[in-house]
Amino acid sequence: MKYTANENRYELMKYRRCGRSGLKLPEISLGLWHNFGGVDCYETGRETVLAAFDAGVCHFDLANNYGPPPGSAEITFGRILKENLLPYRDEIIISTKAGYGMWQGPYGEWGSRKYLFASLEASLKRMSIDYTDIFYSHRPDPDTPIEETMGALADIVRQGKALYAGISNYNPQQTAKAISALRGFGVPCLIHQASYSMLNRWIEDGLLDVLEKEGTGCICFSPLAQGLLTGRYLDGAIPEGSRASKGVFLKSSVITPQLLKNLNALNAIAKQGGRTLSSLAISWILRDSRNTSVLIGASSSAQLKENLCALSQPPLSDEELGKIEEILKTN
Ligand code: NDP
């Protein structure tokens, strides 16, 4: 399929500086954790990625283990690059990560130098690229000295195999140590990838303060609480094919009567402001300028387009924010 990107794409998106780095990221980025594996429909995935790029979403987030099977989302993305996006490679920020289990034995997961180097090589091969823009330590390793994990990230950056280093799922104390270790190796920590949504506010308890002080950006994953903060479950039913229907990463048991009540109350605020629940959830994250980018997932280009509407709506008013706060207090 011949593809020419939408000429107006950069007018449709806003870009935020990532911490105190030179890199800007789109306010909405697309993650390929679900829906882009070897078991998923390639055409749907391609359509979603290209619709994102046409809307100015120039950052795509991967990890070694995304699939299923693990590794296959990188293969899918590599194919989309080769078939459609390669002419635009210099306009795209690709990230990948290592930390979770990829192969057997003691060097197949966590944070050793041995694992991180081998995993990145394999990721680059799967995507058929020479370098990734951001390489993350996907989770802190309790048994490996932080200097070893951060030293490996720094050397990877120095070798040009990644342009920037990042961390994910580190708590505030681990984050401060990782940033300081990286700095000791002469490499700044560009970004922290952390879970954050109206239903999961842990980063407000210290992490954002550390990141702000250190000049590190924050990209928020699962901003729609894996679909809960969309129209998908508002009537209490579990649609066939939805993430909750698969019951692995999102269990239907989390959808309690109280949660449903809150989601519907949030949806009412969204409606009053002419928004959808998903765009309310995205605008709510963007209210804090320390959040560089909102890292969404989407199982179709229609979902993606609905979520992108957040960008053409006004910021949430103090009144709306106050009402949301009241609802979130009850859980
Ligand atoms: P979201 O919270 O955005 O959930 C995305 C899912 O919600 C979609 O796959 C879809 O699920 C549903 N959805 C999205 N938009 C709509 C809509 N408009 N209407 C109805 N349903 C909708 O994010 P994810 O949990 O997918 O995470 C996003 C990215 O964050 C990942 O791809 C990955 O890159 C990153 N991530 C990083 C982690 C880490 O440890 N660093 C961990 C988890 C994610 P469905 O249609 O299938 O029901």
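Overview of the structure. What you see is a predicted model; the values in this text were computed from it and never measured.

What about the overall build of the chain?
The helix and strand tally for the chain stands at 12 helices and 10 strands. Taking 20 Å as the expected radius of gyration for a compact globule of 331 residues, we find that the chain reaches 19 Å, a close match to that expectation. Seen through its C-alpha atoms, the chain measures out along the principal axes to roughly 50 × 45 × 40 Å. Counting contacts in the chain only where the partners sit at least 6 residues apart, residues at least 24 apart contribute 76% of the total.

Observations concerning helix α6 (residues 172-184)
Relative to the 18 Å expected for 13 residues at 1.5 Å per residue, α6 spans 18 Å between its end C-alpha atoms, a close match to the ideal helical length. Those residues of α6 not exposed but buried are T175, A178, I179, A181 and L182. Seen from one end, α6 has its buried residues packed into an arc of 165 degrees, which puts them on one side. Of the exposed residues in α6, the ones pointing more than 90 degrees away from its buried face are Q173 and G184. The elements touched by buried residues of α6 are α5 (146-158), β7 (162-168), β8 (189-195) and α7 (207-214).

Describing the nonpolar core
In terms of nonpolar packing, the biggest core is built from 92 residues, with F77, L153, A165, L182 and C220 touching the most fellow members. With residues up to four places along the chain from it excluded, the contact list for A165 reads F135, L153, A154, V157, L182, V187, C189 and L190.

Things to note about the site of the ligand
Of all residues adjacent to the ligand, which total 31 residues, the nearest are G31, W33, F221, G227 and G297. The set of elements that each furnish at least two residues to the shell around the ligand consists of β10 (291-296) and α11 (301-308). At 3 residues, the largest contribution of residues to the shell around the ligand is made by α11. Tallied by class, residues from the shell around the ligand come to 9 nonpolar, 18 polar and 4 charged.

Points about the packing of helix α3 (residues 72-85) against helix α4 (residues 113-127)
Between two packed helices, what matters for the description is the angle formed by their axes and the separation of those axes. Contact geometry for α3 and α4: axes closest at 7 Å, N-to-C directions at 45 degrees. Relative to α4, the element α3 lies oblique. Note on element contacts: α4 touches α3 through S123, R126 and M127, opposite E74, I75, F77, G78 and L81. Across the contact of α3 with α4, the residue classes tally to 4 nonpolar, 2 polar and 2 charged.

Examining the pairing of β8
The buried count for β8 comes to 6 of 7 residues, which makes it a mostly enclosed element. In this sheet, β8 lies alongside β7 in parallel orientation, the contact comprising 4 bridges. Counterpart to S168 in the pairing with β8 is Q193. Handedness of the β-α-β unit built from β7, α6 and β8 comes out right-handed. As defined by bridge partners, β8 adjoins strand β9 (residues 217-221) across 5 bridges and the pair is classed as parallel. The residue bridging A194 from the neighbouring strand is C220, located in β9. Between β8 and its parallel partner β9, the chain crosses via α7, and the hand of that crossover is right-handed.

Examining the packing of α6 against α7
Direction vectors running N to C along α6 and α7 enclose 20 degrees, while the axes themselves pass 9 Å from each other. Taken together, the axis directions place α6 and α7 in an arrangement best described as roughly parallel. Crossing of α6 against α7: the hand is right-handed. Counted together, P172, T175, A176 and I179 of α6 and L207, V210 and E214 of α7 form the full contact between these two elements.

Remarks on the sheet that holds strand β4 (residues 59-61)
Pairing is parallel around the closed barrel formed by 8 strands, whose spatial order is β3-β4-β5-β6-β7-β8-β9-β10. Each adjacent strand pair in this sheet contributes to an overall mean axis angle of 30 degrees, direction not counted. Judged from the 2 bridges that link them, strand β3 (residues 28-31) and β4 form a sheet pairing that is parallel. Residue G31 lies in a different strand from β4, and its bridge partner there is D61.

Quick word on the environment of L163
You can see L163 is positioned in strand β7. Judged by C-beta crowding, with 16 C-beta atoms within 10 Å, L163 ranks as partly exposed. Between the C-alpha atoms of L163 and G227, which are 64 residues apart in sequence, the distance is 32 Å. Excluding residues that lie within four positions of it along the chain, L163 makes contacts with Y131, D133 and V157.

Some remarks on unusual backbone geometry
With an omega of -5 degrees, the peptide bond between G67 and P68 qualifies as cis. Topologically, P68 is positioned in the loop between β4 and α3. For S222, which is not glycine, the phi torsion reads 50 degrees and is therefore positive. The phi angle at A225 is positive, at roughly 50 degrees, despite the residue not being glycine. Here A225 lies in the loop between β9 and α8 (243-246).

Rules of the game
- Residues numbered from 1 in each chain as written.
- Predicted model: local features only at pLDDT ≥ 70, side-chain atom pairs only at ≥ 80, totals over all residues.
- Helix = DSSP H or I, 4+ residues; strand = E, 2+ residues; numbered from the N terminus.
- Rg over C-alpha atoms; globule rule 2.2 N^0.38 Å.
- Contact = placed C-beta atoms within 7 Å.
- Expected span 1.5 Å × (residues − 1).
- Buried ≥ 20, exposed ≤ 12 C-beta atoms within 10 Å, placed from the backbone.
- Arc of directions from axis to C-beta.
- Core = buried A, V, L, I, M, F, W, Y, C linked by C-beta atoms within 7 Å.
- Near = placed C-beta within 6 Å.
- Nonpolar A, V, L, I, M, F, W, Y, C, P; charged D, E, K, R; others polar.
- Axes fitted to C-alpha atoms, helices over the stretch in contact; angles between N-to-C directions.
- Parallel < 35°, antiparallel > 145°, perpendicular 65-115°, else oblique.
- Pairing = 2+ DSSP bridges.
- Right-handed = clockwise from strand over helix to strand, strands pointing away.
- Left-handed = near helix turned anticlockwise from the far one by under 90°.

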